[in-house]
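Examining the three-dimensional arrangement
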Amino acid sequence: MTDIQSRINSKMRAMLVDWLVAVHKKFRLQPETLYLCVNIIDRYLSLARILREHLQLLGVTALFVASKYEEQYPPEVKDCVYITDRAYTPQQVLDMEFEIVMVLDFKMTVPTSYPFLQRFLHITNSPDIRSCLLGLE
């Protein structure tokens, strides 16, 4: 990421992911959605330059794209605009969605660590992964 991104560092990415975890929780999305969202962000940042002021737009749009793939009822564009405190317009979210899809060459599905964690917990007869993630063991 540091080769392509000159104005975005790992600390900024970490802050974005922390914010996305809170947004993910607020929207009550599936864990798979968050894992795919972070993967989309990382792959996009490794391939394309982005302005610092558009980093949150990238994050919320990646969550929007991942939600379309993983969720039965994904959030709408207006929800994505609202959660950013109206920092971006619906058209900017849709334009960023187009940009993400084009840069990633329509390759949205990737193996994330979540299915591997599910399988590991199943093999070891551990509690359900959702209860582990929520601390309900």
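Below: a short report on this structure. Only a predicted model underlies this, so the values are computations on that prediction, with no experimental measurement involved.

**Observations regarding the pattern of salt bridges**
For the coordinates displayed, the defined rule picks out 4 salt bridges. Notably, a salt bridge pairs Glu97 with Lys68, separated by 2.6 Å at the nearest N-O pair. You can see Glu97 sitting in helix H5 (residues 90-103) and its partner Lys68 sitting in helix H3 (residues 55-70), a full 29 residues away along the chain. For Glu97, a relative accessible area of 14% puts it in the buried group. In this structure Lys68 comes out as partly exposed when scored by relative accessible area, which is 44%.

**Observations regarding the packing of helix H2 (residues 31-47) against H3**
Contact pair H2 / H3: the axes reach a minimum separation of 8 Å and the direction vectors enclose 130°. The angle between H2 and H3 falls in the class oblique. Here H2 runs over H3; the crossing is right-handed. Residues Glu32, Thr33, Leu36, Cys37, Ile40, Ile41, Tyr44 and Leu45 of H2 pack against Leu55, Leu58, Gly59, Ala62, Leu63, Val65, Ala66, Ser67, Tyr69 and Glu70 of H3.

**A few points about H3**
Taking 1.5 Å as the rise per residue, H3 with 16 residues should run 22 Å; its terminal C-alpha atoms sit 22 Å apart, in good agreement. The element H3 is extensively covered by neighbouring structure, given that 12 of its 16 residues are classed as buried. Among the residues of H3, those classed as buried are Leu55, Leu57, Leu58, Gly59, Val60, Thr61, Ala62, Leu63, Phe64, Val65, Ala66 and Ser67. Buried residues belonging to H3 abut helix H1 (10-27), H2, helix H4 (77-83) and H5.

**Observations regarding the environment of Val21**
Along the chain, Val21 turns up in helix H1. A residue is classified by how much of its surface remains accessible, and Val21, at 40% relative accessible area, is partly exposed. Here the alpha-carbon distance between Val21 and Val38, two residues 17 residues apart in the chain, equals 9.8 Å.

**Observations concerning unusual backbone geometry**
With phi around 55°, Asp105 is a residue other than glycine that occupies positive phi space. Looking at the secondary structure, you find Asp105 in the loop between H5 and helix H6 (113-123). Given the relative accessible area of 48%, Asp105 is considered partly exposed. Positive phi is not limited to glycine here, since Phe106 has a value of about 65°. Tracing the backbone through its elements, the reader meets Phe106 in the loop between H5 and H6. Exposure remark for Phe106: the relative accessible area of 60% places this residue in the exposed category.

What counts and how
- Residues numbered from 1 in each chain as written.
- Predicted model: local features only at pLDDT ≥ 70, side-chain atom pairs only at ≥ 80, totals over all residues.
- Heavy atoms only, no water.
- Salt bridge = Lys/Arg side-chain N within 4 Å of Asp/Glu carboxyl O.
- Helix = DSSP H or I, 4+ residues; strand = E, 2+ residues; numbered from the N terminus.
- Buried < 20%, exposed > 50% of the residue type's maximum accessible area, 1.4 Å probe, protein only.
- Axes fitted to C-alpha atoms, helices over the stretch in contact; angles between N-to-C directions.
- Parallel < 35°, antiparallel > 145°, perpendicular 65-115°, else oblique.
- Left-handed = near helix turned anticlockwise from the far one by under 90°.
- Contact = heavy atoms within 4.5 Å.
- Expected span 1.5 Å × (residues − 1).

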